[in-house]
Every structure is written in structure tokens, then in C-alpha cells.
Amino acid sequence: MANTRGAAVKYDSVQKSYDGETLVVKNLNLDIPPGEFLTMLGPSGSGKTTCLMMLAGFEPATHGEIYLNDRPINNVPPHKRGIGMVFQNYALFPHMTVAENLAFPLQVRNMNKAEQEEKVQRALEMVELGAFGNRRPAQLSGGQQQRVAVARALVFNPELVLMDEPLGALDKQLREQMQYEIKHIHESLGVTVVYVTHDQTEALTMSDRVAVFNDGIIQQLSTPDDLYEDPQNSFVAQFIGENNKLSGKVIDIQGEECLVELGDGTQLKADRVNVSAVGDQTTLSLRPERVEFDTHDSMDNLVNARVEELIYLGDHIRVRMNVAGNDEFIVKVRNRGEKRTLNVGDTVPLGWALNDCKALDAVV
Amino acid sequence: MKLRTVILAGTALAFTGSAALATDLTLVSWGGAYQASQKNAYTDPYMAENAGVNVIWDESSAEAVAKLRAMNEAGNITWDLVDVVASDAIRLCDEGLAMEINPDTDLAAAPDGTSAADDFGDLLVSECFIPQIVYSTTFGYRSDVAEWGGKEPTEICDVFDLETFPGKRSLEKRPINNVEWALLCDGVPKEDVYSVLETEEGQARALAKLDTIKDNVVWWSAGAETPQLLADKEVVIGSTYNGRLFALIEEQKQPVKMLWDAQVFDLDGWIIPAGLPEDRLAATKKLVKYATDTQRLADQAKFISYGPARKSSAPLVGKHATLGIDMAPHMPTDPNNAKNTFLYNYEWWADYRDDIDAKFQAWLAQ
Amino acid sequence: MSDTTDGQVLTTQDGKPLKAALAKALRREKLRALLLIAPLLIFVLITFVAPIADMLFRSVENGIVAETLPKTAFALREWDPGSGNVPDEEVFAALYGDMVVAVGEKKHTRLGSRLNYEQSGISSLFRKTGRRIKRMDEAGPFTEQFLDADKKWGDVSTWQVLKQFSPKYTDGYFLNAFDAKRGIDGIEMKPADERIYMLLFGRTLFLSIVITLACLVLGYPIAFLLAALPLRTSNLLMILVLLPFWTSLLVRTSAWKVLLQQQGVINDFLVWTGLVSEAGRLVMINNQTGTIIAMTHILLPFMILPLYSVMKTISPTYVRAAKSLGANDWTAFWRVYFPQSVPGIGAGAVLAFILSIGYYITPELVGGTSGIFISNRIAYHISSSLNWGLAASLGTLLLVAVLVLFVVYDRIVGIDNVKLG
């Protein structure tokens, strides 16, 4: 498994339609450098799986070209692309033992028996299943099957590995553990990984870069922290992490700053991300943990809010509040052990910094 | 007052209803044109004269022997009168499944006073059997076969003559009739056929003769097959019941002719199942006496070309009910047709059927 | 509560053994389960087990000789067939006594037709003797009177048959079914020109296997296609597959006749295209070809349905996975898809084979002489010759053959490897 380099992938103006009437993937352009762990994240029906299937060769692109290491592969059948793939329900062959499953890609490549056995055993040890070679897949637990599926996708040293929601069938704890394992395998092998999921936590923890899909379009392509800190539009802000939304109208623009007036007349300063002119409708996005109760006059934004509900969560307390008519406004308060005197019905001042408040496109 | 009248009328209706139910009779026959002729000639007039009787038809004669045995074992006889061929009647009688009848009391005398026993004569082949029709198994051939060069078969042995009359033949998938014809055409005199057949050599001889045409034979098991095969030109000559050929020639106007040589007479008639309850037995006996009298048997020949089993019926045979042609020349019993007939030996076949059938089937399968 | 220390019987709190308490608690459950399946159980017993038991019994049952001629059967015990002489006056006297009773009850002809299966001529012997018995002199001597009634009473073979079949049970039917018989020196094969059943058994098995294979070869791609298509389309096509079920068997078989006969549609077409000459018209019916074609058509749905329902459960991702691992289309099919469809092949093959082994209507109509099955002979003995004992023994052999094949199948493929869906 001495793969030092991964493959480069390039989607060039790729479009896909199943019925000739609607586009499932609209003009996709994407460059994946060798060795990157790229995640396609999005809700179901956003086109992310279709993109993966086109790369694997199971769906033809309606328009455009996909390149693998600068070689166009539209007309290369799946079995000649040399891409490893981990499927949603693992797709381990039920009539073969674990070792036979792993030997399958080596057999079809006519590798000699001794080499096969050695590679299979090494792959099994890599996923810590050295003693399970003679079991049938049905005799393994979900996590074990998952590891076999990963080992099988890697055993023939592909430069590119595709993973289609591989952790969807696992319980939460196992899922987290597998995330780290996959991440470590990726780091130690250096292969390029294209990973599809609808789980943002998975995307954030594992990826070098994340492509957020919606409606057949990449909404934002950036590193996990950029995605969280600097969402480019309301969809991304809403989809990644927790988010408070406040609708309003731009009444002034000063360089990278803007002033927004909410429905009830409240005026807030925000970071101008996705508004173009005064008078535009906008949605303000604000992470719950960036809202402060300890207000002071130097803060960019100050509002009064009414406490609607308190939810005790151990490490923090979620406070649902009414801010400018929006009663779904969430504030996280760290649990410091001291008695806070917040009661339902109280009206308290809140404050936050301009940079934590993003003025994005309006949500209809 | 009004209400009382309604109730009374209702009660009266209920009574006549149940009375009618009491005389349902189940008759079993072969279906098709034959059963229709029985319905037209026997039961329709009988039901017209006897309002209380209702006849139900069942088309199970082909499996009658097995079904009667099963009914007998179950102790529940649901049939009242069953139409079977003579050989089946003999078997049913031997097995105790059919009732013995007394011709003098159970059957009607001829109009001139001749007793039923004399009127039916030799055709009373079993104590249980009430003969109805005489039919014959004979050959029909296509009259438009080019390879025959204008010649037409005139005698039974032409069936075995592949040189003069090339083409496929159809024969019944059982030994009866076939082995007799084979021996006749192998030079055995008519009167010696059964004594020769009794020996192993005789049986081998019959099969050897059949071997000469075996590759050109299509074997049939239902009477409708030969007419169909002739009509489709699948065979050029084939054996079947004369009534079937009559329908093919006269009703469907196919270019087919009858070969009246060495035709084998056979009988079809009624048996009364053994073990009927008294009331049903009485009703059945009354019906069968009517249905087998001289006039009724002659009437049946209006609808189908089978000869009446009573001597006294022959002069009464008239014209076909719908075609309007004279039926007498189409009867197997007509002197022109019956110049060379063959008598089927029921007793002999009852004895040898199992053995010869096994050999015949083994020969067929090889 | 109870502790799990070694060697100590676990008990409930009031001291009863735990196992007994558990059994008692489960008894109600079991009883209820039994009550739930009782209707089906009774139905199966009455309609399936009982008839088969009855059939098995009939193949050896032979009470008729001892019942109809009890004294004769007893008297014959002393007689030695090897002596070459007919039995003495004492036996004839016993026969007279028995026959008087039997004729009174009209049972003698039934015995005659039973024994006629074993030796031709006995049927008329009993009928003839029955008519004469009333005129016989009660005082005897009986030997001459019987010989006078029919000279066959003077044949040793007649008596040998009577003696051989006087026990209540017989292996005669089974010997017959094996084309064998019991001669004076023990069991021997029948003359070659009477052997038929073994030939038919062999042919039935052979043709059934050929038909099953034909069904598999034709049905597999169809089932594959059906399973791969979207549900709407596959449901529509499924109707076409099931269409033959909705037409009468006889109509379908007759249609094959019209198609396959020498003057039929297919031959006409071939002659028209010039592929065969007028004289060289193919013989496709009234032989084994006809049986194979017509039966394959009839049994095809029985192969397709289990195949389809198994293939429907095989996820298409397996083939995709195989391809992603570098297998070409054929390898992906053969190594990954096909092995998973084997349970469907097993179920379909078992269904088609079992159905075909018992068929008789279609072979009778299109099989001619070389395409008929053992079932045709069974049907003949049931409905025509009334030799139910022989029919039963042939049926039993067929049943045994099927069971043996099942065991073989289990050994080779494994019976758990059969799935209907």
C-alpha cells in the first residue's frame, strides 16, 4: 500500500440530465488536486451522488468532460478507470468470505496467488481485521463490514477512492470512530478521496475542502473553517452549523459594512457578504455562540430580547429568545457553574460584533 | 284475506318446487354432437312428456370407468345413467359397478311385439349393457393426393401399401383394431384372427406388420384428431369413428372419402350404476326404457350418422335433421357399406387387453 | 432469586424446577400455535397425506383372492406348483364352495379381472365358470365339472397364479412396475418386448431435465431483464409472462400443434423462405421435440417467477462494486451476480422439474410415441385399464425417484440454497 501520490480530478463544464427536461447537475467545474480529501456535501437530490457516479463511470455525463490525471475518461468503462469505491451499504459480496472479497480486485487483475494473499492480509491488518479473513460478511458487525469495504476499495492501490455515504448505516459512536480511521488512512496513503455525505459534521471533521451542493450547483467550495466562519450565502449558513436568521432591508453600505433595518425598525450593522445595493432584501446570519449577554456600549450591535424558553444541556444552556419579532432566536450560554438569573419573560439586552453578523442573500 | 291467499300460493309453489327437485337425473355422455343427438332424440321429448323430470348432462364418459369405481368406493353414486362403449360396460359389469338388467322387463318390446332381447339380438354383449348405437371405426382418405396418381384406396390393406399410397397415416394409440387389421393384411383369414392373436407368435406377427408403416403413422387418442389431421393435410389416410368422418365430409365439405372395408363394428350404450337408491333407480329405469325404444333410436339417426342398435329401428331411419340428406347410406349398417365388416370380439379383448396393450405400448415406445 | 451455581437445579421461588415452570409457561403458547395451524394441518392430512398413504397401500394390497376364495386359498397351501400336476379334488371342492358364494354376491368377475392383470384369459375363465356354477352337481366330483366348464382349470399356470396371489399383500405390482415378474424360479425380467416402464421412467427423467434446462436457458435472461427494468415496465412485461396461465392448457397445446405440424405455420414459413424443401418439412411434433417445446412453454413461468423474485433482491450495487474493483461486464455477472441468483435457479429448477415429471396431458397430445411420459401410463391404468394397484406402484416409484433426486440435490447444492423470493 505504498501509494505516495493520489490522482488529480477535473470536472469541466459537466451537466447531467436524466429525463431531458431538468438538469440534475448544472455546469459543474471542479478541480481536485492530488491527495486531497474532498467532500461533496448537500441535502438529498442536490446532485452530489450523481457527480460521484459520473466520476465512477456508472452514469454518463450529458455534457462536458471529466479528467483523471489530465486524461479524459468519459469513454472509459468503469472497470478500466482504476478507481476504488466504497458504497453506501458496503456492497460486500455475500457469497464470498472477507478474504475472497478482498482478493476479488486482485484476481481480476490476474495477480499471482502468493502476492494476492500477502496484499489481502496486509489490507486486513490495516483495518485491524487480520483474523476475520474466513468469515462471511453477514457474520461481521456493521463497523467491521465498513472496514472490509474500505480495505477492499484500497487493496488494489487505486490513486482515487470514492466514498458514497459510507457511514450512513452506522450508529453515532461508531460513525465518529470511523471518521478518524478513514481520515488516518487517507493521511498515511496519500490517495485522493472524494467523499459524498449529507452529514455536515462528517464533512467538517474529515475534509481538506468541502463542496456544498444544492440544486445541482456548488454553493460554496472551501475549507471547513471558512465554510463555518464565512458562508457565502444563506443556504450554506443554514446548512452548516446552527444559525440565527434575521430578515431585513439594506439601508446603507459603507465599504465592507452595511446597515440593515429589520421589520420592526431595529437597525443592525453587518458584514457585507452577499448584498449589492441599498434597498436589497437581505438575511442576516448570526451563530448562537457569538451572542453576548454581557453587553457594553462599544459593541457594534445591541438589541433587547425577551426570554421565551430555557433548555438545560449540561455544558451549555440554550436560550430561545424573541429578537425583533423572530422568536426562534437561539443564544448559547456557557455553563460556568454560577447561578444566572435568567427567567422566562425577562427582557434582557444582547450584543454582538459586526464581523459575526453576515449580510447574505434574502431567503424567500 | 288477501294475505292468506298469498301465503297459500307461496306454500303451493314451494311444494311443486321440491317435487321437481326430487326427480333430477344425471346422465353422463361424451359431449359434442353425439350428446346433442341424445338430447334431441331422447331427453327433450321425454321431459316434454314428464314435467317432473329434469335431466342434467355430464360430459364424463371418457373417464366414466374410473369415476364410477371411485364413486363406488366412496359409497356415493351421483350418476343415474352412463353412456359407455361396450368394452367398458363389460368391465364395469365384471367389477360389479354396473347393474345387471333384464331385457324383457326393463326394455321396451318392438312395435310388432318382438321382444327386446330378440330385437337387440347379439348386441346385448353384457348383462349390464343396454345398446344404443352401432358405430364403426373405419378409414377416411384425402381424394386430392397428387402422389397417388389418380388412384384411390379401395381395401383395408391399401393402408399398409406405402408404395402405391405414400403419405402419413393416423391410427389409434391402442392395439384394438390395429392388430386385427395388421393380421388380416398379413394374410390371416378373418375367422382365424383372434386364435392367431392369442399366441405370442401371432402378436409378434401383428406388430411386425405394423412395423412396416410405423414411421409413417401419427397416433391419435381422441376421435377428433384424425378429422383434423386429414383437414390439415397432415395425414392422407386415417382411422376414426364413421360419424366423425361423416361430419368432415358432409358438413365441412372436405375432399375426403370413406373407405368402407374391414370396418370394425363397435357398440355404444347405457349402463345403470350399481347401488342407486330405489326412487332414483325407478325414475332411471323409466327413462331408459323410453330412450331405447324403437322410435327413439331411429330418431337419433336424424342427428348423427350412427346406426340404431335395434333391428326394428332400421326401416324408420329418415333424413338428416338439418342437412336434409338421406341418412341410411351413411349408416355403417347400410348393406353397401357393410359388405366386408369385422366383428369386434369383446370377450376376447376383455381377456387379452392388458397383455397385448403392454406389448403394444412397449413396441410403440421403442 | 436462583443462583447459577454448578450442579444445582435451578428452581423458582416456590421451589419448582425452573425448567418445568418454563415448559408450563410455554405450553399455552404452543397450544395456541397448534390451534392456529390446525385447519391447515387437517386440510393437508385429508387432501394430501391420506391419499398418498392410500396410494402407497394400494400398491401392495391384495386382499381380494383371500376374501373371494377363502377356502380355496387355504386348501392351496398344501399344493406344490413344482409338481406339475393340478391340485386334487379337495381343492376343487373348496373352489366350488367359494364360487357359489362369490357368484351369489357377484364378486367372481371382479376377482377375474384382478387376476387377468397377471395372466391373460382368467377374466373370461371366471365369467364363464360363474355362468356354469349353478348347473354344477353339488355332490361332485368337482374336478371334471370344472374342467368341463373351462379347460383352463386343467392348466398348472392358472393355479399357480391363484396360489401366488392368495396372500393379503403382494409385490406383484411393484415387480410389474420394474418390468419384472415372479416365475417358477423366482423373480425374472419380463420378455424384452413387454418391458416398458423402466424405459418410460428413464425417458421421463431425461426429458424433464432437458425441459428444465430449456426453461432455465430461456427464462434466465427474461427474469434478468424484468428485475433490471423499472417497476412499471416490469409489471407490464410480467403480465406477458403470466399470460399463458390465463389460457386453457388444451388451447395452448392445440396452438402448438397448428404451429409445429408438418403442414403448420413454421414449416410453411420455412418452405416459403426456401430454408427447407417441400419434401424436407421438419417433424417437430408428435415426438420428443414437440413435448420439449410445448412443455417448456408451459413451465417457463414457473422458472421465471422464482428467478425474478430472487433477482429483484440482488442490489445493482453489487455489480457496480465488482466493476469498480476492475471486473468487466462478464466477470461481474458471472462471479458476483450469478452466484447470488443460484437460489432462484434452484427453486425454479425444482418447481419446473417436479411439475414436468408428473405431466401427462401435453405429452399425450404432442408427444406422439417417443415423447410420452410415465404419467401417461399411470393415467391409462387409473382411468382405462382400472389396474389401480399397478398405477399406485408406478406412482410410488415416481415419488421415490423424486425424493431421491431431492436428496441428491440437497447434497450437491444444499436445500437451504432454494429461495422463492
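In this text the structure is predicted, and so the values were computed from the model without any measurement.

Our focus in this paragraph is the overall build of chain A. Of regular secondary structure, chain A possesses eight helices and 19 strands. On the principal axes, the C-alpha backbone points of chain A span a range of 75 × 50 × 35 Å. Within chain A, buried positions represent 41% of all 364 residues. Across chain A, every contact between residues at least 6 apart in sequence was considered, and the portion connecting residues at least 24 apart equals 66%.

Along the backbone of chain C there are 19 helices and two strands. A compact globule built from 421 residues would reach a C-alpha radius of gyration of about 22 Å, whereas chain C, at 31 Å, exceeds it by more than 25%. With respect to the principal axes defined by its C-alpha atoms, chain C has extents near 100 × 95 × 35 Å. Residues counted as buried form 37% of the 421 residues belonging to chain C. Here the analysis covers contacts within chain C between residues at least 6 apart in sequence; of these, 65% occur between residues at least 24 apart.

All names here are of chain A. If you trace the six strands from one edge of the open sheet to the other, you get 6-7-8-3-9-10, paired in mixed fashion. A single partner strand is all that each edge strand has here, and the edge strands are strand 6 (83-86) and strand 10 (217-222). Looking at each pair of strands side by side, their axes are set apart by 15° on average, direction ignored.

Here the focus is the interface of chain A and chain C. Each partner contributes to the interface: chain A provides 19 residues, whereas chain C provides 14 residues. When contributions to the side of chain A that touches chain C are tallied by element, the ones reaching two or more residues are strand 6 and helix 2 (98-107) of chain A. A total of three residues in the side of chain A that touches chain C trace back to one element, the largest contributor, which is strand 6 of chain A. Considering only residue class, the side of chain A that touches chain C consists of 13 nonpolar, four polar and two charged.

Residue and element names in this part refer to chain A. Of all six residues making up strand 8 (residues 192-197), six are buried, and the element is well covered by its neighbours. Side chains Thr192, Val194 and Val196 project from strand 8 onto one buried face, and the interleaved Val193, Tyr195 and Thr197 project onto a second face that is buried too. Handedness of the crossover joining strand 7 (residues 160-164) and strand 8 through helix 5 (residues 172-189): right-handed.

Turning to the nonpolar core, a few remarks are in order. Ranked by internal contacts, the top residues of the largest apolar core, which has 175 residues, are Val82, Ala89, Leu92 and Ile271 of chain B together with Leu299 and Ala352 of chain C. Top element by residues in this core is helix 14 (residues 288-311) of chain C. It accounts for 15 residues. Setting aside anything within four residues of it in sequence, one finds Leu92 of chain B in contact with Val65, Leu68, Val84, Leu97, Ala98, Cys128 and Ile271 of chain B. Residues Tyr11, Leu68 and Leu102 of chain A together with Ala322 of chain C belong to the second largest nonpolar core, which totals 103 residues.

Okay, the domain arrangement of chain A next. Residue and element names in this part refer to chain A. Annotation of chain A at the domain level lists domain 1 (9-234) and domain 2 (242-361). Relative placement of domain 1 and domain 2: their C-alpha centres are 39 Å apart. At the junction of the two partners, domain 1 supplies four residues and domain 2 supplies seven residues. Here the side of domain 1 that touches domain 2 is composed, by residue class, of one nonpolar, three polar and no charged.

Moving on, we get to unusual backbone geometry. Despite not being glycine, Asp215 of chain A shows a phi value in the positive range, around 60°. Within the fold, Asp215 of chain A resides in the loop between strand 9 (209-214) and strand 10. Residue classification places Asp215 of chain A among the partly exposed residues on the basis of 14 C-beta atoms within 10 Å. Residue Asp179 of chain C is not a glycine yet carries a positive backbone phi of 60°. By the secondary structure assignment, Asp179 of chain C is in the loop between helix 9 (172-177) and strand 1 (180-183).

Time to look at the domain arrangement of chain C. In terms of domains, chain C is made up of domain 1 (1-58), domain 2 (64-170) and domain 3 (197-417). Using only C-alpha atoms to locate each centre, domain 1 of chain C and domain 3 of chain C end up separated by 41 Å.

Residues and elements named next belong to chain B. Interhelical geometry of helix 7 (residues 178-185) versus helix 9 (residues 200-211) gives an angle of 85° and a closest axis separation of 8 Å. With respect to helix 9, the axis of helix 7 lies roughly perpendicular. Contacts between helix 7 and helix 9 involve Asn178, Val179, Ala182, Leu183 and Cys185 on the former and, on the latter, Gly202, Arg205, Ala206, Lys209 and Leu210. Of the residues that constitute the contact of helix 7 with helix 9, the class distribution is six nonpolar, two polar and two charged.

Moving on, we get to the interface of chain B and chain C. It is common to give the size of an interface as the accessible area lost on bringing the parts into contact. Contacts between chain B and chain C engage 28 residues on the former and 31 residues on the latter. Listed by contribution, the elements that provide at least two residues to the side of chain B that touches chain C are helix 3 (64-74), helix 4 (86-94), strand 6 (217-220) and helix 14 (346-365) of chain B. The dominant element in the side of chain B that touches chain C, judged by the number of residues it contributes, is helix 14 of chain B, at 13 residues. Looking at side-chain class alone, the side of chain B that touches chain C contains twelve nonpolar, three polar and 13 charged residues.

Residues and elements named next belong to chain A. It is the contact of helix 2 with helix 3 (residues 113-126), at a shortest axis distance of 9 Å, that shows an interaxial angle of 130°. Our classification of the angle between helix 2 and helix 3 gives oblique. Remark: the crossing between helix 2 and helix 3 carries right-handed chirality. Of the residues in helix 3, those touching helix 2 at Ala99, Leu102, Ala103, Leu106 and Gln107 are Gln116, Lys119, Val120, Ala123 and Leu124. Each residue belonging to the contact of helix 2 with helix 3 can be placed in one class, and the counts come to seven nonpolar, two polar and one charged.

What follows concerns the sheet that holds strand 17 (residues 326-334) of chain A. Residue and element names in this part refer to chain A. A sheet is described by the order of its strands in space; here four strands give the open sequence 17-16-15-18, paired in antiparallel fashion. Of all strands in the sheet, those bounded by a partner on one side alone are strand 17 and strand 18 (347-352). Geometrically, the sheet is characterised by an average inter-axis angle of 50° between neighbouring strands, direction not taken into account. Both strand 15 (residues 301-312) and strand 16 (residues 316-323) contribute to a ladder of six bridges, which runs antiparallel. In the sheet register, Glu309 faces strand 16, and the bridge partner there is Arg320.

We now examine helix 19 (residues 388-412) of chain C. Helix length check: helix 19 of chain C (25 residues) gives 36 Å between terminal C-alpha atoms against 36 Å at 1.5 Å per residue, within 8%. Here helix 19 of chain C has its buried residues at Trp388, Gly389, Leu390, Ala391, Ala392, Ser393, Leu394, Gly395, Thr396 and Leu398 of chain C.

Residues and elements named next belong to chain C. When pLDDT is averaged across chain C, the result is 89; 98% of the residues are at 70 or more. Across chain C, helix 10 (residues 197-228) holds the top mean pLDDT of 95, while strand 1 sits lowest at 84. Under a pLDDT of 50 for its full length, residues 1-5 has, in the predicted model, four contacts with residues more than four places off or in other chains. As a predicted assembly, this complex carries a pTM of 0.83 together with an ipTM value of 0.84.

Within the secondary structure layout, Arg81 of chain A lies in the loop between strand 5 (71-72) and strand 6. Expressed as a C-alpha distance, the spacing of Arg81 of chain A and Pro158 of chain A, which sit 77 residues apart in the sequence, is 9.3 Å.

The end-to-end C-alpha distance of helix 16 (residues 329-357) of chain C is 36 Å, clearly below the 42 Å that 29 residues give at a rise of 1.5 Å each. The sharpest bend along helix 16 of chain C comes to roughly 50°, located at Phe338 of chain C, with the proline Pro339 of chain C sitting one to four residues further on.

Rules used in this analysis
- Residues numbered from 1 in each chain as written.
- Chains lettered and ligands numbered in written order.
- Predicted model: local features only at pLDDT ≥ 70, side-chain atom pairs only at ≥ 80, totals over all residues.
- Helix = DSSP H or I, 4+ residues; strand = E, 2+ residues; numbered from the N terminus.
- Buried ≥ 20, exposed ≤ 12 C-beta atoms within 10 Å, placed from the backbone.
- Contact = placed C-beta atoms within 7 Å.
- Rg over C-alpha atoms; globule rule 2.2 N^0.38 Å.
- Pairing = 2+ DSSP bridges.
- Axes fitted to C-alpha atoms, helices over the stretch in contact; angles between N-to-C directions.
- Nonpolar A, V, L, I, M, F, W, Y, C, P; charged D, E, K, R; others polar.
- Right-handed = clockwise from strand over helix to strand, strands pointing away.
- Core = buried A, V, L, I, M, F, W, Y, C linked by C-beta atoms within 7 Å.
- Domains from an automatic or database assignment.
- Parallel < 35°, antiparallel > 145°, perpendicular 65-115°, else oblique.
- Left-handed = near helix turned anticlockwise from the far one by under 90°.
- Expected span 1.5 Å × (residues − 1).
- pLDDT = per-residue confidence, 0-100.
- Bend = angle between axes of the 7 residues up to and from the residue.

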